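The primary structure of each chain is shown beneath.
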Amino acid sequence: GEEMVKITAEEILNTRGYHAAETVLSNGVETFRHTHEFYEIFITMEGEVFHHCNQHGTLLFQNTLCLVKPEDVHSFQKGQCNSVHFMNLAFSKDLYERGQSIWQQFYRGEPEKMEDFVNLPGSLSQSVASRILYLMKHMVHLGEIPGEDIILGVLLDSFTCLQKQKTSREIIPGWLESACHEMQKKENYQEGLKRFVELSGKSQEHLNRVIKKYYKMTPTAFLNTIRLEQAAMLLRTTEESVLDIMLECGFNNVSYFNQRFREGFGITPTRYRQFNRLAVNPG
């Protein structure tokens, strides 16, 4: 078969036991298959990535957090999008174990029974990404906050999210999970509720009832969440006007859009853009 590269901790982790990076794949070629002696967390920020891990591949959408364990053999490939953008954080087994023991003290649970990946709400995935960005900036000289502490924070968040999924995932009906996935595609969320009902193959009442039960929200609220995450991403990464972004994401009423955006992110779209400009490109 194909060459398999083993990456050692010395090669990648700095003296403090971690390495943070940002990856953008814009061609369709699969990255080289490799395994490593350490743990890795990555989170998809934009686009979708096909993650080959051990014997199987999974298509991971935007805002998916994934845990890769030592000895896992994996590689990445771009999905159906122009480019995929994700953040990686590699860290020592020692840091992972410290995170695990802190987690167990608080939750008195076993984080062994974890999913490998979980789709996060946009604002939570931003929070993980911004901490990885912080680590990238302070890799050379130590920031005000020790890197290990930030990584432990990311780990505790990850354990909690990867854990929680377990109970809900087993029972979410397949048709609902697949309709929710499909609704993340632009051509579907732009069409709105009618399309959601079509994709579910159920009546609107049935969709309403089941999505409330599992996701604790109405189909409209679910749809708005997807649209708002998309709008936030465009506000952060493009120069398009707020109005164009609003329309592109399937909203057609400015005050409704502003109100929903405020509920989701705590500030107006315009302020969000200014604030995230500062965060991403400090002038």
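The coordinates are above.
Residues numbered from 1 in each chain as written. Predicted model: local features only at pLDDT ≥ 70, side-chain atom pairs only at ≥ 80, totals over all residues. Heavy atoms only, no water.

1. Notes on the nonpolar core
By size, the foremost hydrophobic cluster in this structure holds 30 residues, and its most contacted members are Ile43, Leu65, Leu89, Phe91, Tyr96 and Ile151. At the level of secondary structure, the elements contributing two or more residues to this core comprise strand 2 (18-25), strand 4 (39-46), strand 7 (64-68), strand 9 (84-91), helix 2 (93-107), helix 3 (122-137) and helix 4 (147-171). Tallying contributions element by element places helix 4 first for this core, with eight residues. If we ignore the near neighbours within four places in the chain, the residues touching Leu89 are His19, Ala20, Tyr39, Glu40, Ile41, Ile132, Leu135, Ile151 and Val154. Counting residues in hydrophobic clusters, the runner-up holds 15 residues, among them Met183, Ile211, Tyr214 and Ile226. (Core = buried A, V, L, I, M, F, W, Y, C linked by side-chain atoms within 4.5 Å. Buried < 20%, exposed > 50% of the residue type's maximum accessible area, 1.4 Å probe, protein only. Helix = DSSP H or I, 4+ residues; strand = E, 2+ residues; numbered from the N terminus. Contact = heavy atoms within 4.5 Å.)

2. A closer look at the side chain of Gln126
Within the secondary structure layout, Gln126 lies in helix 3. Gln126 has contacts with Met45, Arg236, Tyr272 and Asn276, leaving out every residue within four places of it along the chain.

3. As for a nonpolar patch on the surface
A cluster of nonpolar residues, Leu243, Leu247 and Val254, forms a patch on the protein surface that exposes about 260 Å² of accessible area. Take Leu247: it is sitting in helix 10 (residues 242-248). On the accessibility criterion, Leu247 (46% relative accessible area) is partly exposed. (Patch = residues over 30% accessible without salt bridge, like charges linked within 9 Å, V, L, I, M, F, W, Y side chains within 5 Å. Areas by Shrake-Rupley, 256 points an atom, 1.4 Å probe, with all protein chains shown as cover. Salt bridge = Lys/Arg side-chain N within 4 Å of Asp/Glu carboxyl O.)

4. Some words on the sheet that holds strand 9
Overall, antiparallel pairing links the five strands, which are arranged 2-9-4-7-10 in an open sheet. Each edge of the open sheet carries a strand with a single partner, namely strand 2 and strand 10 (117-119). Between one strand axis and the next, the sheet turns through 15° on average, direction left out of account. Direction of pairing for strand 4 relative to strand 9: antiparallel, over a ladder of seven bridges. Looking at the pairing, Ile43 lines up with Met87 of strand 9. Where helix 2 meets the sheet, its contacts fall on strand 4, strand 7 and strand 9, and the angle it forms with strand 9 comes to roughly 90°. (Pairing = 2+ DSSP bridges. Axes fitted to C-alpha atoms, helices over the stretch in contact; angles between N-to-C directions.)

5. Considering helix 5 (residues 174-182)
The complete set of buried residues in helix 5 reads Leu176, Ala179 and Cys180. The arc that holds the buried residues of helix 5, viewed along the axis, is 100°, so those residues lie on one side. On its buried side, helix 5 packs onto helix 7 (193-200), helix 8 (204-215) and helix 9 (219-237). (Arc of directions from axis to C-beta.)

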